[in-house]
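Here's the letter readout for the chains.
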Amino acid sequence: MISGVIAVVVLILIVALVIAVARDPGPAADDVAVAYEDAWDRLDFDALWTLSGDELRDGMKKPDFIAAKRAAYHRQPELGNLAARVAVEHYEAGRHAAVVRTRVDVRSGGVARNEIQLEYRAGRWVVVAYHLRGSEPSRTSNGS
């Protein structure tokens, strides 16, 4: 009798765990957008592949995408590790689409602003479009 009760309790716990895992939406769209900005800053093309929808994969399989990006940036390592901080300035999300505007404070003192569009697919947010919105030059201490 007791073993039957224990079996029922264990079964209920297993079902509850499966439901909880299935309902977990994963990171929010704004977290994915910040991770995307960070991956670009680190020139982490593996992470970029994972965070991107097919629209941003240039029609390539993962190994080809990573190889192409590494080759493109191999001679320009100064394009990585520029961000001192990435912050979300605006976040708008529905059930299946989101727009995140980010502010990237550059180590040299400038600021870049970007717009990242995401869609919720197969249980996770992916980046489907990335637009540079502009940048501000660094300011000197004398106000010029």
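Coordinates for the structure precede this section.
Residues numbered from 1 in each chain as written. Predicted model: local features only at pLDDT ≥ 70, side-chain atom pairs only at ≥ 80, totals over all residues. Heavy atoms only, no water.

The next subject is the overall build of the protein chain. Secondary structure summary: the protein chain contains four helices and four strands in total. Its helices and strands taken in sequence order, the protein chain reads α-α-α-α-β-β-β-β from the N to the C terminus. Here the protein chain, with 144 residues, has 28% of them falling under the buried criterion. Long-range contacts, defined as pairs at least 24 residues apart, comprise 41% of the intrachain contacts of the protein chain with a sequence gap of at least 6. (Helix = DSSP H or I, 4+ residues; strand = E, 2+ residues; numbered from the N terminus. Buried < 20%, exposed > 50% of the residue type's maximum accessible area, 1.4 Å probe, protein only. Contact = heavy atoms within 4.5 Å.)

For the rest of this paragraph, the subject is the pairing of strand S1 (residues 83-93). Across a regular strand the side chains alternate sides, sitting on one face of the sheet and then on the other. As judged from the nine bridges shared by S1 and strand S2 (residues 97-106), these two strands associate in the antiparallel manner. Each bridged residue has a counterpart across the sheet, and for valine 86 the counterpart in S2 is valine 104. In this structure, the hairpin formed by S1 and S2 is closed by a connection of three residues. (Pairing = 2+ DSSP bridges.)

Using the criterion set out here, one finds six aromatic pairs in the structure. For the ring pair tyrosine 120 and tryptophan 125, a centre distance of 5.2 Å and an interplane angle of 65 degrees mean the geometry is edge-to-face. For arginine 57, the ring lying beneath its charged end belongs to tryptophan 49, and the centroid distance is 3.9 Å. (Phe/Tyr/Trp six-rings, centres within 6.5 Å; stacked < 30°, edge-to-face > 60°. Lys NZ or Arg CZ within 6 Å of the ring centre and 35° of its normal.)

On to unusual backbone geometry, then. The backbone phi angle of asparagine 81 is positive, close to 55 degrees, even though this residue is not glycine. Counting through the fold element by element, asparagine 81 comes out in the loop between helix H4 (62-73) and S1.

By themselves, these are just geometric observations and shouldn't be taken as functional.
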